[in-house]
Amino acid sequence: MYEKGAVIDLEQHEQQFDWKGKIDIKSLELEELNRQLAEMGQPKFRGKQIYSWLHEKRVTSFDEMSNLPAALRQQLMERYYINRLCIIKKLVSKIDGTQKYLLRLKDNNCVEAVLMRYKYGNSVCISTQVGCRMGCKFCASTLAGWIRSLDVSEMLDEIYTLTQDSGERVSNVVLMGIGEPLDNYDNVMKFLRILSSPEGYNLSLRHLSLSTCGLVDKIYEFADQKLGLTLSISLHAPNDEIRSQTMPVNKRYPMEELLKACRYYFKQTGRRISFEYALIEGVNDELRHANELADRLKGMAAHVNLIPVNPVKERGFKRGSRQRIEAFQKALEARGVNATVRRELGADINAACGQLRREYDQQQG
Ligand code: SAH
């Protein structure tokens with residue numbers, strides 16, 4: 001489907017580095033770094049210098065930190081490692097320039113990240129875990145289960161690597177790749193603080209969305225942080241019966257509890273909720289489902305993002321016709337619920353989440 005030359009296989013560029021037994025310096029917030037440097041007897045300004053090398057200039061070795069004394073660089077090298085990711089595959093869409101990356105982590109696990117080009121700038125979709133344990137029936141990311149959560153530095157490096165590779169700054173970030181961000185809560189919060197710090201990449205949290213399948217306890221915790229980013233809820237059903245069939249998390253946190261937490265999020269942050277709804281033919285895409293959904297969301301500051309389901313071969317779910325999807329959207333709007341159909345990007349490179357990693361792992365045996 002994609003242009004042959006557009007597949008870049010960088011397997012030969014071995015990027016292994018010495019990390020075992022060392023501290024992950026890129027996962028440290030500025031205050032933590034300051035504290036550790038003070039313990040090493042360093043002057044106060046060093047923390048900021050190093051932090052800027054890591055998050056603003058984004059170097060990959062201590063040797064490049066040219067304003068540090070050589071002895072300190074040596075000391076840092078012995079105690080810390082600078083994480084980095086290796087691009088093992090890159091697919092470029094001929095249709096719209098979307099770039100999908102398969103990235104290798106330090107322990108040889110892989111995750112995916114996608115760069116999408118919009119008029120207003122580049123948006124990057126990142127993974128938060130290796131695999132996922134939420135078990136949604138339509139999703140490719142959960143097929144092989146869950147391996148581990150990503151470190152703070154690994155999530156940052158998804159953005160840094162794509163910035164470096166494209167030569168363009170990222171203006172929007174969505175946490176919608178592999179994994180459940182609220183199942184990696186502490187690391188994700190720290191990632192958000194570092195990414196938005198003025199001494200770092202300085203990305204405004206207003207340009208960030210976090211997508212969750214609905215871990216209600218964590219949504220309350222998150223709402224209380226009042227960070228002002230957009231919360232996307234993967235709803236995908238108009239009632240508990242259908243939702244529990246496709247999303248096991250619904251048995252733990254049924255829809256009414258989830259919607260209550262969403263109202264709380266809006267109260268705390270003033271940000272309207274974005275509901276993701278993947279339309280699956282014959283499962284959740286009848287007009288009565290649209291009407292039921294509209295009734296449930298009535299009065300909420302919400303927006304529904306309709307997604308024609310991405311067929312995953314192991315799952316057997318199908319997408320309905322264009323007309324069916326549009327009829328669903330119209331039914332929601334007729335009842336006063338704001339709804340759009342997501343424009344598909346990277347259709348020729350199969351940007352469905354989790355599929356690239358899965359193919360790769362299967363090839364490796
Ligand atoms: N775990 C988080 C984020 C990762 S999934 C979450 O559940 O929100 C990112 C989005 O893609 C979610 O809305 C998810 O439900 C959706 N998704 C997963 N598989 C899909 C498929 N086959 N077709 C369409 N959307 C899918």
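Bear in mind the structure is a predicted one, so any value in this text is a computation, not a measurement.

### Points about the domain arrangement of the protein chain
As assigned here, the protein chain comprises domain 1 (23–81) and domain 2 (86–364). Between domain 1 and domain 2, the C-alpha centre-to-centre distance is 34 Å. Between domain 1 and domain 2, the contact holds 15 residues from the first and 15 residues from the second. A per-residue breakdown of the area domain 1 buries against domain 2 is headed by Lys 26, Glu 29 and Arg 58, which together make up 39% of the total. Our count for the contact surface shared by domain 1 and domain 2 stands at three salt bridges. Across the salt bridge formed by Glu 29 and Arg 193, the nearest N and O atoms sit 3.0 Å from each other. At the junction of domain 1 with domain 2, the criterion picks out eight residue pairs in polar contact (both at pLDDT 80 or more).

### Considering the pattern of salt bridges
If you walk through the whole model with that rule in mind, you get 21 salt bridges. For Lys 26, the salt bridge is made with Asp 157, and the minimal N-O distance between the two is 2.6 Å. Linking Lys 26 in the loop between strand S1 (23–24) and helix H1 (30–39) with Asp 157 in helix H4 (residues 152–166), this pair joins segments that are 131 residues apart in sequence. Asp 157 sits in the buried class, given a relative accessible area of 3%.

### Some details on the nonpolar core
In terms of nonpolar packing, the biggest core is built from 99 residues, with Phe 191, Phe 275 and Leu 332 touching the most fellow members. With seven residues, the top contributor of residues to this core is helix H5 (residues 185–196). Summarising the domain contributions, this core has at least three residues from each of domain 1 (23–81) and domain 2 (86–364). If sequence neighbours within four positions are ignored, Phe 275 has contacts with Ile 233, Leu 235, Leu 259, Cys 262, Leu 297, Met 300, Ala 302, His 303, Val 304 and Asn 305. With five residues, the next largest nonpolar core counts Met 116, Cys 125, Val 174 and Leu 345 among its residues.

So, how was this worked out
- Residues numbered from 1 in each chain as written.
- Predicted model: local features only at pLDDT ≥ 70, side-chain atom pairs only at ≥ 80, totals over all residues.
- Heavy atoms only, no water.
- Domains from an automatic or database assignment.
- Contact = heavy atoms within 4.5 Å.
- Buried area = accessible area lost by both parts, 1.4 Å probe.
- Salt bridge = Lys/Arg side-chain N within 4 Å of Asp/Glu carboxyl O.
- Polar contact = N/O pair within 3.5 Å; in protein donor to acceptor, adjacent residues only side chain to side chain.
- Helix = DSSP H or I, 4+ residues; strand = E, 2+ residues; numbered from the N terminus.
- Buried < 20%, exposed > 50% of the residue type's maximum accessible area, 1.4 Å probe, protein only.
- Core = buried A, V, L, I, M, F, W, Y, C linked by side-chain atoms within 4.5 Å.

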